[in-house]
2 protein chains.
Amino acid sequence: MKDLDQMYIPTFADVEAAHDRIVPYIHRTPVLTSSYINSLAGAELFFKCENFQKAGAFKVRGASNAVFGLDDETAKRGVATHSSGNHALSLSYAAGQRGIPCHVVMPRTAPQAKKDAVRGYGGIITECEPSTSSREEVFAKVQVETGAEFVHPYNDHRVIAGQATCSRELLEQTDGLDAVIAPIGGGGMVSGTCLTLSNIAKDVAIYAAEPEQADDAYRSFKAGHIIADDAPNTVADGLKVPLKDLTWHFVSNHVTDILTASEQDIIDAMRLTWQRMKIVMEPSSAVPLATILKNPDVFKGKRVGVIVTGGNVDLAKLPWMQS
Amino acid sequence: MKDLDQMYIPTFADVEAAHDRIVPYIHRTPVLTSSYINSLAGAELFFKCENFQKAGAFKVRGASNAVFGLDDETAKRGVATHSSGNHALSLSYAAGQRGIPCHVVMPRTAPQAKKDAVRGYGGIITECEPSTSSREEVFAKVQVETGAEFVHPYNDHRVIAGQATCSRELLEQTDGLDAVIAPIGGGGMVSGTCLTLSNIAKDVAIYAAEPEQADDAYRSFKAGHIIADDAPNTVADGLKVPLKDLTWHFVSNHVTDILTASEQDIIDAMRLTWQRMKIVMEPSSAVPLATILKNPDVFKGKRVGVIVTGGNVDLAKLPWMQS
């Protein structure tokens, strides 16, 4: 881990610059509500629908900020990343918008729909085994061979400043919030949320939501240092990756609490949103609602922003069909 | 069939009154676009998302207009209807908002999710066989027993004036359209669309989209008189009902053309919207996109409003899982 002195911590000025830079390439996604789900939760929930975002996920914000912030000389060698899916889609999309190559290392076990979509956006895939260690090893080779600029899925100040634009929009679209909750895997969205709220909405509590079966961020938060697991197993496949130094900085300094949910709670919450809100969200995006429904005392009577992080699912393999 | 003289034809003043009456009970649903689907269609499509409407379908507009337009004396005996699903949900919802009973006759073969949802809104169900003749017979008994006010799913001027508020919003939400397309079953939404556009946007072409396997409106349109089938079979289960005199008036006078799509085209279009737009739409709602993709010459380069009529599906039984 790098020292804090060596690590550039993005500022809110970086968020404003990111927003100006990426606005031609992203959607200002809508905020939806459901009176039925509010009645179940005993709270007012405002769903920020990044499942409607370009490339189907919030990650296009950070990816676009990284890609369009590169100088021309660096950009022409392209960008590269490893990702369990949505960052790969998003970086491929952003690189395509700039007309530069995008190299992607992704687990061979990633959903076929995500591989097809990456290729659909022009991304060049190299497969690895489904573990953090294999991914990092294969990636190092690809990077040496191509000379492409590494854009980490989350531990990158450009990416975090980009993700931070999401909660900035959410604040503009809602009339006061008591809390914001987002899923946590590597912590990119949660870090961006911390970056925005700690600057322009200090009174809003920040919750992170995590699968019980991949609860390394929860355990890290309680222990006071990063705990990383290799290859945890959860239906919320976007949340398997561990915190890194930059995201740990934000999580450890600004998050109010981390809440966890079981696999069944996640699947039930996902199905509930499809059924009642008529939106396609991926399992990772259902983790916040699952934790809200499981912890009614935490959110009772509150106005809560819920980040719906993405909607990229394999429609031929829905989790409630298999259980 | 009644004579035209005996039939009250709603006016645009009725649409404005309906909008004022129902606005507390409905959502002003968003209009979504997909650059990917536009590129497939070679046209600019503006999807009016009534799948996000209260009770999951546009039908709550007409149902609310009927329910809230009743005098107190009539209202207290409740309302009654027969419906293949969404009108039943919507009338139950509207009656619940007014605090009056709602009696629903629906086919025993209707999706369980729809029956559960009707009961969830407080509707009282009497089941019939899945044919128009059985439905009408059972309904007559229920109406005599309860004295409830009949609100027909579509052949009712109050209902059509309510549905007409949808394209009024769509016009406000888009910056000029060349055409609007909506699915056609009994013709309630299409009639409402005709009512609005023929008054305030006369240059906008009006298309109706129908399953090949339930193409009675198409054949009626070509023949110049109503042709009704008993119990056609299609995945678009909201579109099995025939035109009636009042909807025929609008369809025969104002529709530009009726286009049809095969079952596979409908399923493919439905899956495409779920995959790329991340919205849950029911098979009936996918028929317009299916016909657009099949008739590129009709829509090429045009700005087309597409009414997404509803999102009430049984998530345990998706059509691409069975094919």
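Starting from 1, residues in each chain are numbered consecutively following that chain's sequence as written. Each chain gets a letter, beginning with A, and each ligand a number, beginning with 1, in the order they are written. Only residues with pLDDT of at least 70 get local features here, since the model is predicted, and only at 80 or more are side-chain atom pairs given and counted; chain-wide, interface and lining totals rely on the full set of residues. To obtain the side-chain values, all non-hydrogen atoms of the structure were used and water was disregarded.

Going by what an unreviewed UniProt entry lists, chain A is known as Pyridoxal-phosphate dependent enzyme and is assigned to Qingshengfaniella alkalisoli. UniProt positions are given in the numbering used here, feature names are shortened, and annotations may be inferred rather than shown by experiment. Listed in UniProt under the heading Cofactor (unreviewed entry), the comment for chain A reads: "pyridoxal 5'-phosphate".

Residues and elements named next belong to chain A. Reading across from one edge, 1-2-10-7-8-9 is the order of the six strands in this open sheet, with mixed pairing throughout. The open sheet has two edge strands, strand 1 (31–32) and strand 9 (257–261), and neither has a second partner. DSSP bridges decide pairing: two strands pair if at least two such bridges lie between them. Helix numbers and strand numbers start at the N terminus; a helix is a DSSP run of H or I with at least 4 residues, a strand a run of E with at least 2. Across five bridges, strand 7 (residues 179–183) lies against strand 8 (residues 205–211) in parallel orientation. Across the sheet, the residue bridging to Pro183 is Ala209, located in strand 8.

Here we come to the state of the cysteines. Note on disulfides: each one is a pair of cysteine sulfur atoms within 2.5 Å. Across all of its chains, the model carries zero disulfides over all chains by this definition. No disulfide involves Cys128 of chain A; its nearest neighbouring cysteine sulfur is the one of Cys102 of chain A, lying 15 Å away.

Should any heavy atoms of two residues lie within 4.5 Å, those residues are counted as being in contact. With 24 residues of chain A at the interface, the matching set in chain B holds 23 residues. Both sides of the chain A and chain B interface together cover about 1900 Å² of buried area, and 58% of this is carbon and sulfur. In what follows, salt bridge is the name for a side-chain nitrogen of Lys or Arg lying within 4 Å of a carboxyl oxygen of Asp or Glu. At the junction of chain A with chain B, the criterion picks out zero salt bridges. Mapped by element, the contributors of at least two residues to the side of chain A that touches chain B are helix 12 (263–277) and helix 15 (319–322) of chain A. With five residues, helix 12 of chain A is the single largest residue contributor to the side of chain A that touches chain B. Here the term charged refers only to Asp, Glu, Lys and Arg, the term nonpolar to Ala, Val, Leu, Ile, Met, Phe, Trp, Tyr, Cys and Pro, and the term polar to all other amino acids, Gly among them. Residue composition of the side of chain A that touches chain B, by class: 14 nonpolar, six polar and four charged. The term buried area denotes the loss of accessible surface (1.4 Å probe radius) that occurs when two parts are joined, taken as the sum for both partners.

With that settled, the discussion passes to the environment of Ala209 of chain A. Residue and element names in this part refer to chain A. Relative to the assigned elements, Ala209 resides in strand 8. Categorising residues by exposure relies on relative accessible area from a 1.4 Å probe, with only protein chains included: less than 20% of the type maximum marks a residue as buried, more than 50% marks it as exposed, and the intermediate range marks it as partly exposed. The exposure class assigned to Ala209 is buried, which follows from its relative accessible area of 0%. In this structure the C-alpha to C-alpha distance between Ala209 and Val79, which are 130 residues apart in sequence, comes to 30 Å. Not counting the four nearest positions on each side in its chain, Ala209 is found in contact with Ile181, Ala182, Pro183, Ile184, Leu239, Leu259, Val287, Pro288 and Thr291.

Before going further, it helps to spend a moment on the pattern of salt bridges. As enumerated under the stated definition, the model contains 34 salt bridges over all chains in all. Between Lys222 of chain A and Asp257 of chain A there is a salt bridge, with the nearest N and O atoms lying 3.1 Å from each other. Of this pair, Lys222 of chain A sits in helix 10 (residues 216–223) while Asp257 of chain A sits in strand 9; the two residues are 35 residues apart in sequence, bridging distant segments of the chain. Given a relative accessible area of 22%, Asp257 of chain A falls into the partly exposed group. Of the charged contacts in the structure, one is a salt bridge between Lys48 of chain B and Glu169 of chain B, with a shortest N-O distance of 2.8 Å. One end of the pair, Lys48 of chain B, is in strand 2 (residues 44–49); the other, Glu169 of chain B, is in helix 8 (residues 157–173), and 121 residues separate them in sequence. Relative accessible area serves as the criterion here: at 0%, Lys48 of chain B is assigned to the buried category. Classification of Glu169 of chain B by relative accessible area gives buried; the value is 2%. Each of Lys48, Glu50, Arg61 and Glu169 of chain A takes part in salt bridges that share partners, so that together they form one network.

All names here are of chain A. What the domain assignment lists for chain A is domain 1 (10–57 + 161–312) and domain 2 (60–150). Spacing between the C-alpha centres of domain 1 and domain 2 amounts to 23 Å. Summed over both sides, the interface of domain 1 with domain 2 buries roughly 1900 Å², with 50% coming from carbon and sulfur. Applying the counting rule to domain 1 against domain 2 returns three salt bridges. Put simply, Glu50 and Arg61 hold a salt bridge, and the shortest N to O gap is 2.6 Å. An automatic or database domain assignment provides the domain bounds reported here.

Attention now goes to the relation of the copies chain A and chain B. Copy-to-copy superposition: least squares on the C-alpha atoms, limited to residues that have pLDDT of at least 70 in both copies. Once chain A has been moved 0.0 Å along the axis and rotated by 180 degrees, it coincides with chain B to within an RMSD of 0.0 Å. Here the copies are linked by what is in effect a two-fold axis. Within chain A, Ile279 of chain A has its C-alpha nearest the rotation axis, a separation of 2.3 Å. A share of 96% of interface residues in chain A that are also interface residues in chain B marks the association as one of identical surfaces.

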